[in-house]
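What follows is each chain in one-letter form.
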Amino acid sequence: ADEHAQNLSQWDQRYDQLSAGGFEGTVTELWLPQTQVFVERANQQLRQTCAAWKQSIWFGIPAAEDGQMAMGSRPLAAEAICIRDGGAEFDLMTAADFDLYGIVVEREALAAHLEARCGHDLDRLLRRGDVLCLSPLRKAGLCAALATILDDANFAGEAEPLTLQTRVLDLLAA
């Protein structure tokens, strides 16, 4: 499992497998000019000690409908998404057969996009806490939109990176 942790670029990660059995996992990752989008899949229960790249903001979106994840010692509801500053270490506990979508965005780029698109102040939004809850329908839509962006990037090959990045940033602004 710890080898799997190294598959995600620009992260400082260590994984401990907590359930018995052989480990299988995948990472699908997309790098855009100021944004990283990924989905990470693992068949075993994991403890993940992680830190995204500095000067960024990480959004962790568990695809599981039953919310089988904890951040630190806090169990998360099914509608939860996690938010952490880049460079700040945190622990995740994930269930077996778990998919986690992630968006990591340069802090300044996200702040500028939020201000321009909807007049929101990033720092004020981040003071709400490191866990936000979305309606089940909105969270499912977010996961589906991220899956589509990852697919579009793979199938288009030369898809315009700035267009894809704007789609990602617009998801965060919604």
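Here, the structure is the one placed above.
Predicted, not measured: the structure shown is a model, and the values here were computed from it. (Residues numbered from 1 in each chain as written. Predicted model: local features only at pLDDT ≥ 70, side-chain atom pairs only at ≥ 80, totals over all residues. Heavy atoms only, no water.)

Asker: Could you give an account of unusual backbone geometry, naming the residues involved and the relevant values?
Answerer: Outside of glycine, negative phi angles account for most residues, and trans bonds account for most peptide bonds. With phi around 60 degrees, Gln-55 is a residue other than glycine that occupies positive phi space. Secondary-structure assignment places Gln-55 in the loop between strand E4 (46–51) and strand E5 (56–62). With a phi angle near 55 degrees, Asp-97 is a residue other than glycine that sits in the positive phi range. Note that Asp-97 resides in the loop between strand E9 (90–94) and strand E10 (98–106). (Helix = DSSP H or I, 4+ residues; strand = E, 2+ residues; numbered from the N terminus.)

Asker: Lay out the packing of aromatic side chains with the relevant residues and their values.
Answerer: Scanning all chains against the criterion turns up five aromatic pairs. Where Trp-11 meets Phe-90, the ring centres are 6.4 Å apart and the plane angle is 75 degrees; that geometry is what we call edge-to-face. Placement of the pair is Trp-11 in the loop between helix H1 (2–5) and strand E1 (12–17) and Phe-90 in strand E9, with a sequence separation of 79 residues. Residue class for Phe-90 comes out buried when judged on its relative accessible area of 4%. Geometrically, the ring pair formed by Trp-58 and Phe-90 is stacked, given 4.6 Å between the ring centres and 20 degrees between the ring planes. (Phe/Tyr/Trp six-rings, centres within 6.5 Å; stacked < 30°, edge-to-face > 60°. Buried < 20%, exposed > 50% of the residue type's maximum accessible area, 1.4 Å probe, protein only.)

Asker: Give me the side chain of Gln-36: which residues, what numbers.
Answerer: Secondary-structure assignment places Gln-36 in strand E3 (residues 35–42). Using a relative accessible area of 0% as the deciding quantity, one classes Gln-36 as buried. Beyond its immediate chain neighbours, meaning those up to four positions away, Gln-36 contacts Leu-8, Ser-9, Trp-11, Glu-29, Leu-30, Trp-31, Trp-53, Gly-102, Ile-103 and Val-104. (Contact = heavy atoms within 4.5 Å.)

Asker: Describe in detail helix H5 (residues 161–173), supporting the description with residues and values.
Answerer: With 13 residues, H5 extends 18 Å between its outermost C-alpha atoms, agreeing within 8% with the 18 Å of an ideal straight helix rising 1.5 Å per residue. All of the buried residues in H5 are Leu-164, Gln-165, Val-168, Leu-169, Leu-172 and Ala-173. (Expected span 1.5 Å × (residues − 1).)

Asker: Describe in detail the pairing of E4, supporting the description with residues and values.
Answerer: Counted residue by residue, E4 has five buried out of six residues, so it is predominantly covered. Bridge count between E1 and E4: six bridges; the pairing is antiparallel. When the sheet's bridge partners are listed, Gln-13 is paired in E4 with Cys-50. Pairing between E4 and E9: five bridges, direction antiparallel. Bridged to Arg-47 within E9 is Met-93. (Pairing = 2+ DSSP bridges.)

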